[in-house]
Amino acid sequence: MTLTPTTRPTTPLTDKGPGRQPDPTPSALVRADGSAVRVLVVEDEQAVTELLSMVLRYEGGEVRSADDGAGAVRCAREFEPDVVVLDATLPDMDGHAVLKELRRELPNVPVLFLAARDAATARIAGLTAGGDDVVTKPFSLEDVAARLRGLIRRTNLRTGLRTAARAGLDAAGAAAARSDSVLTVGDLVLDEDSREVWRADEPIHLTGTEFELLRYLMRNPRRVLSKAQILDRVWSYDFGGQANVVELYVSYLRKKIHAGRTPMIHTRRGAGYLIKPGE
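Along each chain, residue indices are assigned from 1 in the same order as the chain's sequence is written. Given that this is a predicted model, residues contribute local features only at a pLDDT of at least 70 and side-chain atom pairs are listed and counted only at 80 or more, while totals for whole chains, interfaces and linings are drawn from all residues. Water and hydrogen atoms were dropped before computing side-chain values, which therefore reflect all heavy atoms in the structure.

A. Main features of the overall build of the protein. A run of DSSP states H or I qualifies as a helix once it reaches four residues; a run of E qualifies as a strand once it reaches two. Both are numbered from the N-terminal end. Helix and strand content of the protein: 9 helices and 11 strands. Note on exposure labels: buried denotes an accessible area under 20% of the residue type's maximum, exposed denotes more than 50%, and partly exposed covers the range between, all computed with a 1.4 Å probe on protein chains only. Counting over 279 residues, the protein shows a buried share of 47%. Whether two residues touch is decided by their heavy atoms; if any such pair falls within 4.5 Å, the residues are in contact. Here the analysis covers contacts within the protein between residues at least 6 apart in sequence; of these, 60% occur between residues at least 24 apart. Surface exposure here means Shrake-Rupley accessible area, sampled with a 1.4 Å probe, where a residue is shielded only by the protein chains that are shown. Here the protein has roughly 13200 Å² of accessible surface; of this, 49% comes from carbon and sulfur atoms.

Below is the structure:
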């Protein structure tokens, strides 16, 4: 990716004015336990990597970087990042191919693509490849940081989710906590703590965004949810009016959850989507 002046911050990072390092804020890249969110930046343009790393460290994150696909996979295996910023065009591998390799190592890690193409085309390509979000050139560094905070919120990294066993509860308390964290619709089960999903006792592997969409549907069984409601809940910032991203992710969920079984996710034309037990 070629660096352009527009990739620099478009506004000061704090109200102290240019040239001053920003103070940590409640929206910083820090987990609920106070530890830093681990961010892997995969970008072959050194200037872009340095700028992104600087801003993300100011935000409180722990940052490592790689400048090609092979290095990204090695670093992900050792670093186990909480979130990845991935250039869609790398010297040795296509960014989408790198994503597939990363998913083998870390199936649930959220990925933000950096793309240098038409915004709408890049979004669809990145999301179709399994990415969780996409930003396109020209972009501001604040926008990238905001998108990453959104991904972290959506995957519950900042809430410090723990299973009942890790919390050290007694048997009765653990059972109650587990019951509170498990959503069930028919033979479909979603565990909010472990972030696991099963249908008819068969595990289903979802990306972070797929998980959040399914969780929202399962928290509202038999209720029709509009595209606008889903965008607001799952994509918690302005997604540029790209309501078709909802259709795209619903199709992903259907392929994984239905998979030859009775359909559970239904479309109400002109109204939205709902989930209900298979009949």
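B. Helix α2 (residues 69-79), seen in detail. Buried within α2 we find Gly69, Gly71, Ala72, Val73, Cys75, Ala76 and Phe79. Buried residues along α2 sit against β1 (38-42), β2 (62-66) and α3 (95-105). Pairing of N or O atoms within 3.5 Å defines a polar contact, subject to two protein rules: one partner must be a possible hydrogen donor and the other a possible acceptor, and residues neighboring in sequence count only if both atoms are side-chain atoms. Put simply, Asp68 is the residue that caps the front of α2, since its side-chain oxygen is 2.7 Å from the backbone nitrogen of Gly71. Glu80 sits one or two residues past α2 and shows a positive phi near 50 degrees.

C. Main features of unusual backbone geometry. Phi angles above zero are rare outside glycine, and Glu80 is one such case at about 50 degrees. Its location among the elements puts Glu80 in the loop between α2 and β3 (83-87). Judged by relative accessible area, which is 46%, Glu80 ranks as partly exposed. In this structure, Ala259 takes a positive phi of about 40 degrees despite not being glycine. Its place among the elements puts Ala259 in the loop between α9 (244-257) and β10 (265-268).

D. Highlighting the packing of aromatic side chains. Each Phe, Tyr or Trp ring, with Trp reduced to its six-membered ring, pairs with another whose centre is within 6.5 Å; inter-plane angles below 30 degrees give stacked pairs, above 60 give edge-to-face pairs, and intermediate values give tilted ones. One pass over the full model with this rule turns up 1 aromatic pair. Taking the centre distance of 5.1 Å and the plane angle of 75 degrees together, the rings of Tyr249 and Tyr252 count as edge-to-face. Within this pair, Tyr249 and its partner Tyr252 are both found in helix α9, separated by 3 residues, close to a single helical turn. Classification of Tyr249 by relative accessible area gives buried; the value is 1%.

E. Spotlight on the packing of helix α7 (residues 208-218) against helix α8 (residues 227-234). Remark: α7 packs on α8, axes separated minimally by 10 Å, with the N-to-C direction vectors making an angle of 125 degrees. One way to sum up the angle between α7 and α8 is to call them oblique. Handedness of the α7/α8 crossing: right-handed. Here Thr209, Glu212, Leu213 and Tyr216 of α7 come into contact with α8, specifically with Gln229, Ile230, Arg233 and Val234. Inter-axis angles, ranging from 0 to 180 degrees, are taken between N-to-C directions of lines fitted to C-alpha atoms, where helices are fitted over the stretch in contact. By definition in this entry, angles of less than 35 degrees are roughly parallel, angles greater than 145 are roughly antiparallel, angles of 65 to 115 are roughly perpendicular, and the rest are oblique. Note on convention: near helix rotated counterclockwise from far helix by under a right angle means a left-handed crossing. Clockwise means right-handed.

F. Looking closely at the pattern of salt bridges. Only one rule defines a salt bridge in this text: a Lys or Arg side-chain nitrogen within 4 Å of an Asp or Glu carboxyl oxygen. Counted according to the given criterion, the structure contains 14 salt bridges. With a shortest N-O distance of 3.2 Å, Asp143 and Arg147 are connected by a salt bridge. Of this pair, Asp143 and Arg147 both sit in helix α5 (residues 141-154), 4 residues apart, which is roughly one turn of that helix. What makes Arg147 buried here is its relative accessible area of 9%.

G. A look at the sheet that holds strand β5 (residues 133-136). Read across the sheet, 5 strands follow the order β2-β1-β3-β4-β5 without closing on themselves; strand pairing throughout is parallel. With one partner strand each, in any of the chains shown, β2 and β5 form the two edges of the open sheet. Each neighbouring strand pair of the sheet contributes to a mean axis angle of 20 degrees, computed without reference to strand direction. Here α2 sits on the sheet and contacts β1 and β2; the angle it forms with β1, its principal contact strand, is near 170 degrees. In short, DSSP must find at least two bridges between two strands for them to pair.

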